Amino acid sequence: MSRAELHTIARSLVEGGRGILAADESTGTIGKRLEKIGVNNSEENRRAYRELLFTAPGLGESISGVICYDETLRQRALDGRSFVEVMQQNRMVPGIKVDTGAKALAGSAQEKVTEGLDGLRERLQEYHALGARFAKWRAVIEIAADLPTDYCLSVNAHALARYAALCQENGLVPIVEPEVLMDGDHTIERCYAVTSRSLQFVFAELYAQRVDLSGMLLKPNMVISASACRTQAGAEDVARLSLQCLRTHVPSIVPGIVFLSGGQSDERATEHLSLMNRLAPAAPWKLSFSYGRALQAAALKAWQGKSDQIAAAQSALLRRARFNAMAARGQYEPALEAA
Ligand code: 13P
């Protein structure tokens, strides 16, 4: 695939106010979500749940692409169509999570490094043949008194860049996700400093490893107070500091920045994105979303594993997807939630 084709895919994922649905929970993680609604973590229940998401009528008006887990990319809808076909017919590009998880980092008591580089070239070739056109790799950065170390930031950035270069070689747009977690009680200023340092390492490695910045998307955390911080920064501060941090580190040639929701409430994740687009209507990159929990939580709750609740679950998903697509254009107002 040519560089121009990669650029086109990357741009198409963030054009027109659309964003990405992250539905790539591993079998263990989706199991925890299903358990909360009293649903067994069987292959068939995982399949039924993902079918409900992907077949929501008109989802493609707000959602440009879906990140899947390996199992999901190979599954089919009850009518016999592969999920890949279902997504394509619903105007959504199939994507795939390719890392194999964050593992204990040797020599650091608490930190993690994301694995999955062994055999990655061959796996990407197979995913491309199955229909995937973009991929995701998530690095996890924790903030604590003496953390993160530069050692952790550096090895994670190195792995992200190796993954991104391999994706581009094999015709997939890499989503580069260095997530600074909201866990803890740190302030928004501390989140800013750590996010800033992490992005500095990430872009240095992307340059060094010859990644084409026009053919990738960045998936960062917002700059935000930790969930247990006593003085929670307001929405305007989250939007302003996130923009300032990204402007400092993300080259303007990158076509899009798609945020993760990271444990924010559904409404906050939407409001923060909308405010950013309102504050920076002429930002060099598109500012959109790649939410997991903030798109799916309401749908899971409505579904409860019941076939007669599928329509209700789909309308809960469509509602969040539409609100986030409005936010990607700077047009969402919290007052809409009451309607
Ligand atoms: P959340 O929006 O739930 O943080 O998930 C996005 C994601 O894909 C994390 O890797």
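Quick note: structure is the one above.
First things first, this report covers the structure right here in the doc.

This part covers unusual backbone geometry. With an omega of 0°, the peptide bond running from L147 to P148 counts as cis. Looking at the secondary structure, you find P148 in the loop between β6 (134-141) and α7 (150-169). Its identity as a non-glycine residue notwithstanding, R210 has a phi of 60°, on the positive side. Looking at the secondary structure, you find R210 in the loop between α8 (188-208) and β8 (217-218). Of note, Q304 is a non-glycine position whose phi angle comes to about 55°, a positive value. Looking at the element boundaries, Q304 is found in the loop between α11 (293-303) and α12 (310-327). For Q304, a relative accessible area of 33% gives the class partly exposed.

Membership of the largest hydrophobic core comes to 105 residues, with the highest contact counts inside it found for Y163, F203 and L206. Here the element with the most residues in this core is α7; it accounts for eight residues. Apart from residues no more than four positions distant in its own chain, Y163 is found in contact with V98, L117, L120, A135, K136, W137, P174, I175 and V176. In terms of nonpolar packing, the next biggest core, distinct from the first, is built from eight residues, V113, I141, I143 and V180 among them.

This part takes up the site of the ligand. The environment of the ligand is formed by 13 residues, the closest being K136, K219, S261, G262 and R293. In the model, an oxygen atom of the ligand is placed 2.7 Å from a nitrogen or oxygen of the K219 side chain. G292 has a polar backbone atom sitting 2.8 Å from an oxygen atom of the ligand. Here the ligand has 300 Å² of accessible area as a free molecule, and 92% of this is covered by the chains. Comparing atom positions with the cavity grids shows the ligand to sit within the largest pocket. Listed by contribution, the elements that provide at least two residues to the shell around the ligand are β6 and β10 (286-291). Class assignment for the residues of the shell around the ligand results in three nonpolar, four polar and six charged.

In terms of residue burial, β10 counts as a mostly covered element, since five of its six residues are buried. Of the strand pairs in this sheet, strand β9 (residues 256-259) and β10 are connected by four bridges, and their pairing is parallel. Bridge pairing links V258 to S288 in β10. Each parallel crossover has a hand, and for β9 linked through helix α10 (residues 266-279) to β10 it is right-handed.

What follows concerns the pairing of β9. Side chains G256 and V258 of β9 all project onto a buried face; the interleaved residues I257 and F259 project onto the opposite face, where all are buried too. Where β8 and β9 come together, two bridges link them in parallel fashion. Bridge pairing in β9 places L218 opposite I257. Tracing the backbone out of β8, into helix α9 (residues 235-249) and back to the parallel element β9 gives a crossover that is right-handed.

On to the pattern of salt bridges, then. Within the structure shown, the criterion is met by 22 salt bridges. Residue D24 is joined to K97 by a salt bridge in which the shortest nitrogen-to-oxygen separation is 3.4 Å. Placement of the pair is D24 in the loop between β1 (19-23) and α2 (27-36) and K97 in strand β3 (residues 93-97), with a sequence separation of 73 residues. In this structure, R47 and E44 form a salt bridge, with 2.9 Å as the shortest nitrogen-oxygen distance. Placement of both R47 and E44 in helix α3 (residues 43-54) is noted, with a separation of three residues, approximately one turn of the helix. Here R47 falls in the buried class, since its relative accessible area comes to 9%. Three or more residues are tied together by salt bridges with common partners; here these are D24, K97, K136, R138, E177 and E179.

Assignment of secondary structure puts Q264 in the loop between β9 and α10. A polar contact of 2.8 Å, which involves the side chain of Q264, links it to the side chain of H272. For Q264, the residues in contact, after removing those within four places along its chain, are M182, M222, I224, A269 and H272.

Attention shifts here to α12. For α12, which comprises 18 residues, the first-to-last C-alpha distance of 26 Å matches the rise-based estimate of 26 Å (1.5 Å per residue) to within 8%. Within the sequence span of α12, burial applies to A313, Q314, A316, L317, L318, R320, A321, F323, N324, A325 and A327. Considering only its buried residues, α12 is in contact with α3, β2 (63-68), α10, β10 and α11.

Calculation rules
Residues numbered from 1 in each chain as written. Predicted model: local features only at pLDDT ≥ 70, side-chain atom pairs only at ≥ 80, totals over all residues. Heavy atoms only, no water. Helix = DSSP H or I, 4+ residues; strand = E, 2+ residues; numbered from the N terminus. Buried < 20%, exposed > 50% of the residue type's maximum accessible area, 1.4 Å probe, protein only. Core = buried A, V, L, I, M, F, W, Y, C linked by side-chain atoms within 4.5 Å. Contact = heavy atoms within 4.5 Å. Near = heavy atom within 4 Å. Polar contact = N/O pair within 3.5 Å; in protein donor to acceptor, adjacent residues only side chain to side chain. Areas by Shrake-Rupley, 256 points an atom, 1.4 Å probe, with all protein chains shown as cover. 1 Å grid on protein atoms, 1.4 Å probe; cavity = no way out; pocket = protein on both sides within 12 Å on 5 of 7 lines; lining within 4 Å. Sits in = over half its atoms within 2 Å of the grid points. Nonpolar A, V, L, I, M, F, W, Y, C, P; charged D, E, K, R; others polar. Pairing = 2+ DSSP bridges. Right-handed = clockwise from strand over helix to strand, strands pointing away. Salt bridge = Lys/Arg side-chain N within 4 Å of Asp/Glu carboxyl O. Expected span 1.5 Å × (residues − 1).

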